[in-house]
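Listed here are the chains, written in short residue letters.
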Amino acid sequence: MIPSTIEPVIQGIWVYLTARPLVWLTVTLAAYLIGQWLFERSGRRPLVNPVAIAVLLLVVLLMATGTEYKTYFDGAQFVHFLLGPATVALAVPLHQNFAQVRRAALPMVAALVAGSVTAIVSAVGIAMLFGVSLETSRSLASKSVTMPIAMGITEQIGGIPSLTAVVVMITGVIGAMVVTPLMNLMRIDDWRARGFAVGVASHGIGTARAFQVNEIAGTFAGIAMAMNGIATAILVPLLIALIA
Amino acid sequence: MIAALMGLLACQLAGELIARLLSLPIPGPVLGTILLFLALLARGKVPETMRDVARTLLANLSLLFVPAGVGIIQHLDRLRGEWLGILAAVFGSTVLTMIVAVLVFRGVSRLTGADRISPDRGRA
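About the criteria used
- Residues numbered from 1 in each chain as written.
- Chains lettered and ligands numbered in written order.
- Predicted model: local features only at pLDDT ≥ 70, side-chain atom pairs only at ≥ 80, totals over all residues.
- Contact = placed C-beta atoms within 7 Å.
- Helix = DSSP H or I, 4+ residues; strand = E, 2+ residues; numbered from the N terminus.
- Nonpolar A, V, L, I, M, F, W, Y, C, P; charged D, E, K, R; others polar.
- Axes fitted to C-alpha atoms, helices over the stretch in contact; angles between N-to-C directions.
- Parallel < 35°, antiparallel > 145°, perpendicular 65-115°, else oblique.
- Left-handed = near helix turned anticlockwise from the far one by under 90°.

Draft legend 1. Fine view of the interface of chain B and chain A. Taken together, the contacts link 70 residues of chain B with 101 residues of chain A. Mapped by element, the contributors of at least two residues to the side of chain B that touches chain A are α1 (2–21), α2 (28–43), α3 (48–59), α4 (66–69), α5 (76–112) and α6 (114–117) of chain B. Per element, the largest residue contribution to the side of chain B that touches chain A is 25 residues, and it comes from α5(B). For the side of chain B that touches chain A, the per-class residue count stands at 46 nonpolar, 17 polar and 7 charged.

Draft legend 2. Representation of the packing of helix α10 (residues 147–157) of chain A against helix α13 (residues 215–243) of chain A within the structure. Residue and element names in this part refer to chain A. Where α10 meets α13, the axes come as close as 10 Å, and the angle between the chain directions of the two elements is 20°. By the angle between their directions, the pair α10 and α13 is classed as roughly parallel. In the packing of α10 onto α13, the handedness of the crossing is right-handed. Across the interface between the two elements, I149, I153, Q156 and I157 from α10 touch G229, T232, A233, V236, P237 and I240 from α13. Across the contact of α10 with α13, the residue classes break down as 7 nonpolar, 3 polar and no charged.

Draft legend 3. Region of interest: the packing of helix α11 (residues 161–185) of chain A against α5(B). It is the contact of α11(A) with α5(B), at a shortest axis distance of 9 Å, that shows an interaxial angle of 45°. With respect to α5(B), the axis of α11(A) lies oblique. Both α11(A) and α5(B) take part in a crossing whose hand is right-handed. Between α11(A) and α5(B), the contacting residues are A:L163, A:V167, A:I170, A:T171, A:I174, A:G175, A:V178, A:V179, A:L182 and A:M183 on the first element and B:R78, B:I86, B:V90, B:F91, B:T94, B:V95, B:M98 and B:V102 on the second.

And the structure:
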């Protein structure tokens, strides 16, 4: 279709561009926008998750173009970097809703400890019941906390940090999909409890979902995510020594 | 806006520094969150630009997980062998964690009377 004189030119441009951050950064945003557009079109159904759609589109694209993950990440790292400042930004809704947060201190601490231990023990336990290898099982222990923290913990206990990153993403997507129907089924109408539960179980992606639904839920999810980052960092090395 | 971004980055940087210097088990960004919270508490109110930047970042939080999520492409072989166990563990554990956390939160809230002061209710 393309005349043979033009083909090398296009080839040259492609090689030039894909070696630079611009292409994969742009494509990452585009994939997410498509995911979000589908989410809106579906009437904001939790099953149509923008993260899952974006990841799927990008994986297919990388495979089709034979692009290495490292090349992709050189561009996409600018988005990845913002995870840090975004975690810090949680202090803002925390400050704005502090009066309500302080009144719920006891339920929060109790739910944090119970949720954090459940997340770690059940993930590793179920994996081992299914005969998953020890190395992989260990990589699941910190799956419920936000990505940079989870990867650090996995490194510490001898798992595979990049596998943890993937599992963290899947955990977030599952939490965001399940939380609304699950909480409605359980007839929980307390926004604080709903938000806190999804924040403990599925970190930032769950928190993003909570912010979409209700600001109080989002605030409590954000606090749960920050608190669980600390709790899991302390609990995983202790519990792993006991169970795996 | 630049000042707000600078504020967020400075808190994160200070958090990372403190975590490393004192070799705390608490991750840098989480310490950064605590530092910013204390700064806001001292100031008494959130500057408007900071509120806008924070709202923008948090409203798009899930986008930030996409680049690392695409890393799934590096683990397709491992997933092919162990996908059932991994999926069962992740799904089962996530649902179980939410159920345990929400029940404990509600139970303790009722017991300690934290319920009566907070009438904020709803469903979605």
